[in-house]
Amino acid sequence: MSQNPIIYPSIDTPDIDHALHFAKIAEKTKQGLKLGLEFFNSNGPQGVAKIRGACPDLSFFLDLKYHDIPNTVRAALREASKLDVDYINVHASGGIEMMKYALEGAQDGAQKAGVRVPKVLGVTILTSLDEEDMELIGFYGSTDELVMRLARLTDEAGLSGIVCSAMEIEMIRRNMRKDFTLMVPGIRPAGSDIGDQKRIMTPKQALDAGADHLVIGRPITGAEDPEKMIEDILQDCA
Ligand code: C5P
């Protein structure tokens, strides 16, 4: 596995060959790979296993954002963790018991398969939501307060860290333990299209604020030369 990838390019595609192509680029540039719902719903666990087989040294983030009753999430994580991935995530708003069960499932599944236990992360508030959206859902209070509350809950459940927006990194770094992992989506290199994201930052701003890893999708997958885009981002952040 590459020691400490900064970028997890988000490979949102149903096409396994397309995903394999990006996995090879990620491996070549010594970065990670994020596979999410679109890929998984099209290719299933076998698809993940195929990419793992082709890129044994790649760091994988399986982004399926589980949110269900604790028993179901534990069973789902038990299966997903057999796939030899580095990170896996659940919605922190599923509650502390659900997160504790998720961790149990991850440990159990990895042990049964004889692979590393993936780090389990809690998704706080999606970067596509702003305060107006949250009020409509019925989440009152500031985004910061909510993210902070969910981050503390994630930590209390024993998870490794959170997925949060770049806007919350400094607050989390001030308030949580130093090794609390921050995986940050909603990243846009200067000049790229925002799309449906709302709370965004550039890669350099997010790393300077204290992000551990950046999830970057469309700016890389939609680039004319994705490998060059990754290298440009890394150089810009150096
Ligand atoms: O960079 P881009 O906006 O294309 O990234 C989209 C990817 O990031 C999707 O796979 C989406 O599921 C993921 N994402 C996330 N958490 C968020 C926002 C996006 O995991 N808060």
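Residues numbered from 1 in each chain as written. Predicted model: local features only at pLDDT ≥ 70, side-chain atom pairs only at ≥ 80, totals over all residues. Heavy atoms only, no water.

By the secondary structure assignment, Asp144 is in helix H6 (residues 143-156). Once the C-alpha coordinates of Asp144 and Ile125 are considered, the two residues, 19 residues apart in sequence, prove to be 9.5 Å apart. Once you skip the residues sitting within four places of it in the chain, Asp144 turns out to touch Glu168 and Met171. (Helix = DSSP H or I, 4+ residues; strand = E, 2+ residues; numbered from the N terminus. Contact = heavy atoms within 4.5 Å.)

For side chains bearing opposite charge, pairing can occur when the charged atoms are close. Taken as a whole and judged by the stated rule, the model has 17 salt bridges. In this structure, the salt-bridge partner of Asp155 is Arg177, at a minimum N-O distance of 2.8 Å. Taken together, the residues span a long stretch of sequence, with Asp155 in helix H6 and Arg177 in the loop between helix H7 (169-175) and strand S7 (181-184) at a distance of 22 residues. Since its relative accessible area comes to 26%, Asp155 is described here as partly exposed. Each of the salt bridges in this network shares a partner with another, and the network as a whole consists of Arg52, Asp84, Asp86 and Arg116. (Salt bridge = Lys/Arg side-chain N within 4 Å of Asp/Glu carboxyl O. Buried < 20%, exposed > 50% of the residue type's maximum accessible area, 1.4 Å probe, protein only.)

What follows deals with the site of the ligand. Taken together, 15 residues lie near the ligand, and Asp12, Lys34, Arg188, Gly217 and Arg218 sit nearest. Take Lys34: an N or O atom from its side chain is 2.7 Å from an oxygen atom of the ligand. A distance of 2.7 Å is found between an oxygen atom of the ligand and a side-chain nitrogen or oxygen belonging to Arg218. In the complex, the protein chains occlude 87% of the 470 Å² of accessible area that the ligand would expose alone. A class-by-class count of the residues in the shell around the ligand yields five nonpolar, four polar and six charged. (Near = heavy atom within 4 Å. Polar contact = N/O pair within 3.5 Å; in protein donor to acceptor, adjacent residues only side chain to side chain. Areas by Shrake-Rupley, 256 points an atom, 1.4 Å probe, with all protein chains shown as cover. Nonpolar A, V, L, I, M, F, W, Y, C, P; charged D, E, K, R; others polar.)

Of all five residues making up strand S5 (residues 119-123), four are buried, and the element is well covered by its neighbours. The pairing of strand S4 (residues 87-91) with S5 spans five bridges and is classified as parallel. Its bridge partner being in S5, Val90 is matched across the sheet by Gly122. What joins S4 to S5 is helix H4 (residues 96-113), and the crossover it makes is right-handed. Here S5 runs beside strand S6 (residues 161-163); their pairing, made up of three bridges, is parallel. Residue Gly122 lies in a different strand from S6, and its bridge partner there is Ile162. (Pairing = 2+ DSSP bridges. Right-handed = clockwise from strand over helix to strand, strands pointing away.)

Turning to the sheet that holds S7, a few remarks are in order. Each strand in a sheet pairs with its neighbour through backbone hydrogen bonds, running either in the same direction (parallel) or in the opposite one (antiparallel). Within the open sheet, the eight strands sit side by side as S1-S8-S7-S6-S5-S4-S3-S2. Their pairing is parallel. Because the sheet does not close on itself, it has two edges, and the strands there are strand S1 (7-9) and strand S2 (33-36). Direction aside, the axes of adjacent strands within the sheet are offset by 25° on average. Its contacts with the sheet place H4 against strand S3 (60-66), S4 and S5, and it is angled at close to 155° to S4. (Axes fitted to C-alpha atoms, helices over the stretch in contact; angles between N-to-C directions.)

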